[in-house]
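Commentary on secondary and tertiary structure
The residues making up each chain are set out below.
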Amino acid sequence: MNVIIKEVVSRKDLRAFIRFPHTLNWGNPYWVPGLDFDEMNALRKDKNPAFEHCQARYWLALSEGEIVGRVAAIDNHLHSETWGQPYLRFGWIDFVDHQAVSDALFGAVEAWAKSLGKTAVHGPLGFTDLDREGMLVEGFDELATLATSHDQRYYAEHLARLGYEKDADWLENEISVVEELDERISRVAAISRKRYKLSMLKAKNKKELLPYAPELFEIINETYSHLYGVIHLTEDQVEAYVEQYFGFVIPDFVPVVLDENGRMVAFTISMPSLSVALQKGKGKLFPLGWLYLLQALNKPERVDMYLGAVRRDYQGKGVNAIMMENLYRAFQRHGVKTIHGNPQMERNFQVREQWKYFKSRQHKRRRVFIKHLPS
């Protein structure tokens, strides 16, 4: 196969970059597209606040005039400053099963990395920890989510051939809401509430929840700072994420724990699964994509648990039990049958341990690869 690499330089190129996975994954019942306008906002320099401290380049692989692959490369200056690692990130990686295509794509990424003086290339990663990250290596017959990619089985084989190795893994669990809540959770939750004078925020709508958004992201910045590749979100990035996602929020699915002074102690963000709706809408809001999304929000039988955190001074004090109890009760009230827990680091044993109190199964694994470049 004769492959030509073309850098994305126009809006038309970027649209083709975004839409290529639709062609590659046509007919795959487990693949879930992102919304086109969300992808565009993430990749455009004039839309994504991350470009205040990042630079990025995107490439398409072409063969006989047809797109056969794509890749993004991101130089995140804050990552280098925070972790002391002069690495280049790759992401938005998709390609047909041909050695010439993966060679050409990663050749472009690695050439740019060397020109910047980078010592390694790692990914898949986005601009921030809240973008899609990690490549699926187990669980190919499981439905993807809005927040995760569904990669081809052969991707990891190509990376291994190119000299990329495991750097970190994330695991995902599916939890069934079919039984009564384990009484141990309720008991620990009751003790924690009483001992530390904690209460739940009683937000009736999104408007009452919105004022707590800045505090929520403060806790994210504080508690996620030690996790793989995480860098602090700037104020502009926080505003962008609030605008992007809070429209989908159901207050019942976002338990917030407060201390006696009304300050946020912990939170969890869950949302109705939009996977099937996004598949039906093919990544577009019009003509019917918005209707499919509305239907998914109104009658959720499946929920995606995106992220949660407990303030450091309250960790190990039973606060997780308070959130789990409230969330499980809310799911029962709304008729939710299944919870999909989004990726958690393989070595984050404290968080992963909580699933033993539920009927759950680990059904996916995704991986960040790394290749150290010769000096």
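Here is a short report on the structure shown in this document. (Residues numbered from 1 in each chain as written. Predicted model: local features only at pLDDT ≥ 70, side-chain atom pairs only at ≥ 80, totals over all residues. Heavy atoms only, no water.)

1. With respect to the packing of helix α1 (residues 11-24) against helix α2 (residues 36-43)
Relative to each other, α1 and α2 sit at 130°, their axes nearing to 11 Å. It follows from the interaxial angle that α1 and α2 lie oblique. Where α1 crosses over α2, the handedness of that crossing is right-handed. Where α1 approaches α2, its residues Arg11, Leu14, Arg15, Phe17, Ile18, Arg19 and His22 are matched on the opposing element by Asp36, Glu39, Met40 and Leu43. Its residues placed into classes, the contact of α1 with α2 shows five nonpolar, one polar and five charged. (Axes fitted to C-alpha atoms, helices over the stretch in contact; angles between N-to-C directions. Helix = DSSP H or I, 4+ residues; strand = E, 2+ residues; numbered from the N terminus. Parallel < 35°, antiparallel > 145°, perpendicular 65-115°, else oblique. Left-handed = near helix turned anticlockwise from the far one by under 90°. Contact = heavy atoms within 4.5 Å. Nonpolar A, V, L, I, M, F, W, Y, C, P; charged D, E, K, R; others polar.)

2. Observations concerning the environment of Leu291
Checked against the element boundaries, Leu291 lands in helix α11 (residues 289-298). Separated by 246 residues in sequence, Leu291 and Lys45 have C-alpha atoms that sit 30 Å apart.

3. Some remarks on the pairing of strand β10 (residues 264-272)
β10 sits mainly inside the fold: nine of its nine residues count as buried. Pairing of strand β9 (residues 256-258) with β10, which is carried by three bridges, proceeds in the antiparallel orientation. By the bridge assignment, Leu258 is partnered in β10 with Met264. Here β9 hands over to β10 after five residues, with Gly262 in that stretch at a positive phi of 80°. In this sheet, strand β11 (residues 302-310) lies alongside β10 in antiparallel orientation, the contact comprising seven bridges. Directly across from Ile269, in β11, lies its bridge partner Leu307. (Buried < 20%, exposed > 50% of the residue type's maximum accessible area, 1.4 Å probe, protein only. Pairing = 2+ DSSP bridges.)

4. Considering the pattern of salt bridges
Counted by the stated rule, this structure contains 29 salt bridges. Taking the shortest distance from any N to any O, the salt bridge between Glu172 and Lys364 comes out at 3.9 Å. Taken together, the residues span a long stretch of sequence, with Glu172 in strand β7 (residues 165-176) and Lys364 in strand β13 (residues 359-372) at a distance of 192 residues. Judged on exposure class, the residue Glu172 and its partner Lys364 are both buried. When the shortest N-O distance is used, the salt bridge between Glu174 and Arg361 registers 3.1 Å. Here Glu174 is found in strand β7, whereas its partner Arg361 is found in strand β13, with 187 residues between them in sequence. According to the relative accessible area criterion, Arg361 is partly exposed, its value standing at 36%. Residues joined in a network through salt bridges with shared partners are Glu138, Lys166, Asp169, Glu346, Arg365 and Arg367. (Salt bridge = Lys/Arg side-chain N within 4 Å of Asp/Glu carboxyl O.)

5. Some thoughts on unusual backbone geometry
With an omega of 0°, the peptide bond running from Gly123 to Pro124 counts as cis. Examined against the element boundaries, Pro124 turns out to sit in the loop between β5 (120-123) and β6 (135-138). A cis amide bond, omega 10°, links Phe286 with the succeeding residue Pro287. Assignment of secondary structure puts Pro287 in the loop between α10 (275-281) and α11. Phi angles above zero are rare outside glycine, and Glu64 is one such case at about 55°. Taking the relative accessible area as the measure of exposure, Glu64 reaches 81% and is therefore exposed. Positioned with a positive phi, Lys197 is a non-glycine residue whose angle comes to about 55°. Relative to the helices and strands, Lys197 is located in the loop between α6 (183-196) and β8 (199-200). By relative accessible area, Lys197 is classed as exposed at 51%.

6. A short note on empty space enclosed by the protein
In total, this model carries three cavities of 30 Å³ or more according to the counting rule given. Volume-wise, the largest cavity comes out at about 70 Å³. Of the residues that constitute the lining of the largest cavity, the class distribution is six nonpolar, three polar and one charged. Each pocket or cavity is described by its volume, and for the second largest cavity that value is around 40 Å³. Together, Leu35, Ala277, Leu278, Gly281, Gly283, Lys284, Leu285, Gly289, Trp290 and Leu293 line the second largest cavity. (1 Å grid on protein atoms, 1.4 Å probe; cavity = no way out; pocket = protein on both sides within 12 Å on 5 of 7 lines; lining within 4 Å. Points joined across faces, edges and corners; volume = space filled by probe spheres on them.)

7. Section: the pairing of strand β2 (residues 54-63)
Most of β2 sits inside the fold, with seven of its 10 residues counted as buried. As judged from the four bridges shared by strand β1 (residues 4-7) and β2, these two strands associate in the antiparallel manner. Note that in β2 the partner of Ile4 across the bridge is Leu62. Here β2 runs beside strand β3 (residues 66-76); their pairing, made up of 10 bridges, is antiparallel. When the sheet's bridge partners are listed, Cys54 is paired in β3 with Asn76.

8. Description of a nonpolar patch on the surface
The grouping of Phe286, Trp290 and Leu294 at the surface amounts to a nonpolar patch, some 350 Å² of accessible area in total. One can find Leu294 in helix α11. Given a relative accessible area of 40%, Leu294 falls into the partly exposed group. (Patch = residues over 30% accessible without salt bridge, like charges linked within 9 Å, V, L, I, M, F, W, Y side chains within 5 Å. Areas by Shrake-Rupley, 256 points an atom, 1.4 Å probe, with all protein chains shown as cover.)

So, to be careful, I would describe these as geometric facts and stop short of saying anything about function.
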